[in-house]
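Single-letter residue listing:
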Amino acid sequence: MSEEEVKQQERGEHEDPMVTRRRKIDELVAEGVQPYASGYQPDSRSADLNKTYEGLEPGTETQDIVTVAGRIVAKRNQGKMGFYVIRDAQGDLQLFVRKNVIGDEAYDSAKNLDLGDWIYAKGNVLRSRRGELSVQPTEIVLLSKSLRPLPEKFHGLTDTETRYRQRYVDLIANPEVRSTFKTRFEIIAAIRAFMATRGYLEVETPMLHPIPGGAAARPFITHHNTLDMPLYLRIAPELYLKRLLVGGFERVFEINRSFRNEGMDPRHNPEFTMIEAYQAFGNMESMMELVESLIVSVTTEVIGTTDVEYQGTQVSLAAPWRRAKMADLVSERVGEKVDTHTDIKTMRALCEKFEIEFDESYGSGKLLTELFDELVESTIVEPTFVYEYPAEVSPLSRRNDEDPDVCDRFELFITGREFANAFSELNDPLDQRARFEEQARAKDAGDEEAMWIDEDYLRAQEYGMPPAGGMGIGVDRLVMLLTDAPSIRDVLLFPHMRPEA
RNA sequence: GGACCGUUAGCUCAGCUGGCAGAGCAGGGGACUCUUAAUCCCAAGGUCGUAGGUUCGAUCCCUACACGGUCCA
């Protein structure tokens, strides 16, 4: 190694960036500086300042002293002055650091700061000649030293794996990601506010279920040590919410996580957020009104319009929404009149014609549903209530009074995807028992998603549940629609991932 | 579970028909008192996802595996 190379190494020129930053911490500590200081509270935030000083002319300086804090995301040193951009929860703000204002020693310390460091600064407000609102510090305090280099300033962080695994870095580097999640939580707040205006009480029911119920899905299983018994993460809150109707609550809703032990893809995460709501004396019709009003209201409030663009497709969410019977939609698509009463040979032939797999155990109702799922669902772009679901696939729904083979149930489809599921609730304990028993037979026959018999739920119904309407909306999907997110992972802060390689 | 695509410096990406591994940004040194993807000069930075194979020689071709993405079941 040459003498020059030795000198370079001593100056840290060959160091890994993390080593360089560790060295800077050691140097600060040696100087008596705490690299993780506490007790500094900024009195101003970036966007607030920009608003307050909106009219400040370029090149003018105020004597207003403010304190600010944030993470350094850009540093442009220029001899005896420098421009440091700090990012706080509201956005970015420029610090105009001048050697003759802050002093020689503090200026050199500031030059030693790294991108990613959290700092606090005190100084007067001015607008630079180039028009950027700035704070001109007389004091800068390091609040938290960053040991890892930030992603590239211009392109940000694009690697999907890193973005999902290290969402904190994604949030630092990509401001639009922060904006997406802000919208997510505004949507959820707006849903809560809307439900409150409708007189619904937000409740909490168990997430650990002794019997998983309320949906057709495989559950996660866990174990209670003290009781030495299996417990299941809930696949839906439905059966507990309806027990509350039995108890006399007339309008309840719950908005929280459910868990399904299924595959992961751009629309499914093992844990996801749903709102479910139940209204005594309501029915399918009142649930259509509720779902439509809720989505229109929340959309208008959060994004300011009912015209949305999702992945290049324009969609109007303006009410009223189209209503169509499942059997009519399928008939139209397959070119012949079919419904739940069509003989099973015809239905099987249609499935074969369209290359749809089915099981021998499926009745005409389930075959109709398969045809709908495969041939029609993805073609529905504008909001559409598809109703009259076969009773065969609706074990918790009330039968239609005129045609007991179908239920007063609908699903809402937008952009080819299911957004909501709702129905007049089945409150006849005798019919409910029969439906559960049918499910139990399917389970015995190997259907892993078939429902279990929940004796306590039946007992509750035997006390009498008022007639009711109930609905569930997939909140993650609604957020995807309103933020134009292609994948559910883009609207979940910490999507589920395999362990790192 | 299957098909296809991807994995190269901290980040964003090049890398031709198999022949010594490239750039920009970030980081280091220097110049610069109105920049905002600042600019200019200098120096540095790599187990090419992992493990095998073919070859005189592999980032490149082949196989397996891992992780990610999309589509399908």
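Cut-offs and rules
Residues numbered from 1 in each chain as written. Chains lettered and ligands numbered in written order. Predicted model: local features only at pLDDT ≥ 70, side-chain atom pairs only at ≥ 80, totals over all residues. Heavy atoms only, no water. Pairing = 2+ DSSP bridges. Helix = DSSP H or I, 4+ residues; strand = E, 2+ residues; numbered from the N terminus. Contact = heavy atoms within 4.5 Å. Axes fitted to C-alpha atoms, helices over the stretch in contact; angles between N-to-C directions. Buried < 20%, exposed > 50% of the residue type's maximum accessible area, 1.4 Å probe, protein only. Salt bridge = Lys/Arg side-chain N within 4 Å of Asp/Glu carboxyl O. Parallel < 35°, antiparallel > 145°, perpendicular 65-115°, else oblique. Left-handed = near helix turned anticlockwise from the far one by under 90°. Nonpolar A, V, L, I, M, F, W, Y, C, P; charged D, E, K, R; others polar.

Notes on the sheet that holds strand 17 (residues 417-424)
Argument step 1. Pairing in this open sheet of 8 strands is mixed, and the strands run 6-10-11-18-17-16-15-14 from one edge to the other. Sheet topology places strand 6 (201-202) and strand 14 (322-325) at the edges, where each strand pairs with a single neighbour.
Argument step 2. Of the pairings in the sheet, the one linking strand 11 (residues 271-280) to strand 18 (residues 468-474) comprises 7 bridges and is antiparallel in character. If you follow Ala277 over to strand 18, its bridge partner there is Met471.
Argument step 3. Helix-sheet contacts for helix 9 (residues 238-247) involve strand 10 (251-259), strand 11, strand 17 and strand 18, and the interaxial angle to strand 11 is about 20 degrees.
Argument step 4. Each of strand 11, strand 14, strand 15 (384-390), strand 16 (406-414), strand 17 and strand 18 is contacted by helix 10 (residues 284-303), which is oriented at about 35 degrees to strand 18, the strand it contacts most.

Comments concerning the pairing of strand 3 (residues 91-98)
Argument step 1. Most of strand 3 sits out of view: 6 of its 8 residues are buried.
Argument step 2. Two strands pair when backbone bridges link them, and strand 2 (residues 81-88) and strand 3 are joined in this way by 8 bridges, in the antiparallel orientation. Directly across from Tyr84, in strand 3, lies its bridge partner Leu95.
Argument step 3. In textbook terms, the turn of a hairpin is the stretch between consecutive antiparallel strands, and for strand 2 and strand 3 this stretch comprises 2 residues.
Argument step 4. The pairing of strand 3 with strand 5 (residues 133-144) spans 2 bridges and is parallel. From the neighbouring strand, Leu95 faces strand 5, where its bridge partner is Val135.

Examining the pattern of salt bridges
Argument step 1. Under the counting rule described, the total for this entry stands at 32 salt bridges.
Argument step 2. Of the charged contacts in the structure, one is a salt bridge between Asp170 and Arg163, with a shortest N-O distance of 2.9 Å. Here Asp170 and Arg163 have matching classes, each one buried.
Argument step 3. A salt bridge links Glu285 to Arg323; the shortest N-O distance between them is 3.2 Å. With Glu285 in helix 10 and Arg323 in strand 14, the pair connects residues that are 38 residues apart, well separated along the chain.
Argument step 4. What makes Glu285 partly exposed here is its relative accessible area of 45%.
Argument step 5. When salt bridges with common partners are traced through the structure, they connect Arg21, Lys24, Asp114, Asp117 and Lys145 into a single cluster.

Examining the packing of helix 8 (residues 175-197) against helix 16 (residues 475-483)
Argument step 1. It is at 10 Å that the axes of helix 8 and helix 16 come closest, and there the two elements cross at 125 degrees. Taken together, the axes of helix 8 and helix 16 lie oblique to each other. Relative to helix 16, the crossing made by helix 8 is right-handed. Contacts between helix 8 and helix 16 pair Thr180, Thr183, Arg184, Ile187, Ile188 and Ile191 from the former with Val475, Asp476, Leu478, Val479, Leu482 and Thr483 from the latter.
Argument step 2. When its residues are assigned to classes, the contact of helix 8 with helix 16 shows 7 nonpolar, 3 polar and 2 charged.

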